[in-house]
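So you can see what is in the structure, the chains are spelled out below.
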Amino acid sequence: MTRFEKVSQIAEAIRDKAQASLVAEINTAVFPAETTPFVVINPSGSSKSGVIKAEVELDRALFKDGRPDAQFAKMQLIAQQKRHYVVIDADGQEVTGEITGFTTRFDADLPTDRFRVPYIGVYAQVEVFVKDLAAFSWQTFALKQVDRALTYFNQPQSSLISANHTLENQYLKVAVSAVDGSLNILDKKTQKTYQRMAVIEDTGDMGNEYIYKETADQQRIYSTDQAPRIQIKRDTEKVATIEIISTLSIPKQATPQLAYEQRAVIDITHRQATRSSELIDLELHTLVTLEADNPVLKFDVTYDNQALDHRLRALFPTGLATTENESESIFEVVKRPNQPEKDWQNPTNPQRQQAFVNLHDDQGGVTVANDGLNEYEILPKNNTIAITLLRCVGELGDWGYFLTPEAQCQGAQHASFALIFHNEQATDRLTSYQLARAFAIPCLTQGTTRHTGNRPTADTWLTIQDSAQAFAVTGVERDQNQDLVVRGYNLDRTAHPIQVSVNDATGDLIDFQSQPIAQDCQTPLQNAEIRSYRFKANQ
């Protein structure tokens, strides 16, 4: 296990404990008897609309009450019955949702005051549509068993897909080309059409883990080089997905010249390796998803990489009239020139990003969000945003000869990114930044029981009054005194009024070391300011 996996496990354990604590305090007794409640939590700083997936435990059979195989058979029988359910809210009203399947599996409770409690559980895979679920909030639903079959998603009254493989909602119209698989996207806010979007580019890479260097032959292969296969994966009132299957015939690896240049420790600026003449197929499966009431166009790309020494990028030609770009860095949004100074010698100019990169002019712009894709470049032709999906290299670089075979990234790969368009207003642009940051922060869900609690079925634990959408929350945590600490920064280079509150209390300002600051918490958020609030535990 790598250190990153260890950190991830610890973070998930902390999250799960906090989530369970919140859910235990919610008063789910308001739901009718014989229903199974579950909670949807939005932990991001932006409201969310779309389809949320949840797993809800319907029943369990304890090992203490029977043999494990008998208990498994009992729960498996429930799953095979495929009971019909509707999703209801706390008022008892049916909401748009469905059961997509049932699973049966072993699990165990690990209480702190007694021995483990093993059991076999039966679970429903649930999808529920939420609209404008507020930032830092939760909403409780429940499954209610009925005699009739569910007819929301599987028998839609309308569709987000029209003829010729076109996705459309109130924000976007996205046409998939049957000729080459590229997208033509109409942004209805600005009435601007962006053409040939989301093309995948493959190039040779004779660089190292530090620096990309294209092979000397500059052989480039694109997903638009041949006609794709296009399939409708999902077509409902609330969500639609089109799959684009593109097969790229790419070189299997670099020529043996690259191995020699690596062993001889030849600097990448002097390498002359090219790509092999042996070709293999790289099949890309791109899911393009549009949801009702959601301006975010989502992409998921999966493939099995068996090639070496190459790079994959997604290209988004914007045609915007600007010489600068903005991208999220660490506690700031940085502005960079699209093209380097004349003294820059590297033919490429990749830069680092956190959650997003943006290009805009006085008419509007494009924000590309990502989930863990931290490299981008602005190409001069059509001011194209290029997002790196994969780099496969064989050495560490910097100095010496240090092989890194795992950096060739063989096997199954996955990339997620999204497009968000905005108009010429700064508030709309900053809103796109907030949506981009929320893209990589999924809603959390947890099944529960009917029980009393001191929290309502829907509420927020943190309120941000920020009409400019400029304050990006980067952390919410309890300190050693159990006081709540909220940290964030200004996405903009302009001061904005802001109010952060918990239970209607406004708290105090503190510095990085949690020491009080002699400043009113109502003071406007300053240009690129990093700000921390503390709310006493008794507030």
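Up top is the structure.
The structure contained in this document is the topic of the report that follows.

What counts, and at which threshold
- Residues numbered from 1 in each chain as written.
- Predicted model: local features only at pLDDT ≥ 70, side-chain atom pairs only at ≥ 80, totals over all residues.
- Heavy atoms only, no water.
- Phe/Tyr/Trp six-rings, centres within 6.5 Å; stacked < 30°, edge-to-face > 60°.
- Helix = DSSP H or I, 4+ residues; strand = E, 2+ residues; numbered from the N terminus.
- Buried < 20%, exposed > 50% of the residue type's maximum accessible area, 1.4 Å probe, protein only.
- Lys NZ or Arg CZ within 6 Å of the ring centre and 35° of its normal.
- Patch = residues over 30% accessible without salt bridge, like charges linked within 9 Å, V, L, I, M, F, W, Y side chains within 5 Å.
- Areas by Shrake-Rupley, 256 points an atom, 1.4 Å probe, with all protein chains shown as cover.
- Salt bridge = Lys/Arg side-chain N within 4 Å of Asp/Glu carboxyl O.
- Pairing = 2+ DSSP bridges.

### Overview of the packing of aromatic side chains
So, step 1. As enumerated under the stated definition, the model contains 12 aromatic pairs in all.
So, step 2. Ring centres of phenylalanine 63 and phenylalanine 106 lie 5.8 Å apart, and the angle between their planes is 40°; on these two criteria the pair is classed as tilted. Taken together, the positions of phenylalanine 63 in the loop between strand 2 (48-62) and helix 2 (68-81) and phenylalanine 106 in strand 5 (residues 97-109) put the pair 43 residues apart, joining distant regions of the chain.
So, step 3. Here the aromatic rings of tryptophan 399 and phenylalanine 402 are separated by 5.1 Å at their centres, their planes lie at 80°, and the arrangement is edge-to-face.
So, step 4. In this structure tryptophan 399 comes out as exposed when scored by relative accessible area, which is 60%.
So, step 5. Among the aromatic residues, those joined into a cluster by ring pairs are Phe136, Trp138 and Trp461.
So, step 6. The cationic tip of lysine 192 hangs over the ring face of tyrosine 194; the distance from NZ or CZ to the ring centre is 5.0 Å.

### Let's talk about a nonpolar patch on the surface
So, step 1. A cluster of nonpolar residues, Tyr210, Ile211, Leu396, Trp399 and Phe402, forms a patch on the protein surface that exposes about 520 Å² of accessible area.
So, step 2. The class of phenylalanine 402 is partly exposed, set by a relative accessible area of 32%.

### A look at the sheet that holds strand 19 (residues 310-317)
So, step 1. Strand order in the open sheet formed by 6 strands is 14-13-19-26-25-22, and the pairing between neighbours is antiparallel. The sheet is open, and its two borders are formed by strand 14 (220-222) and strand 22 (351-352), each paired with just one other strand.
So, step 2. By the bridge criterion, 6 bridges tie strand 13 (residues 199-204) to strand 19 in an arrangement that is antiparallel. Of the residues in strand 19, the one forming a bridge with valine 199 is leucine 315.

Keep in mind that these numbers describe shape and distance, not what the molecule does.
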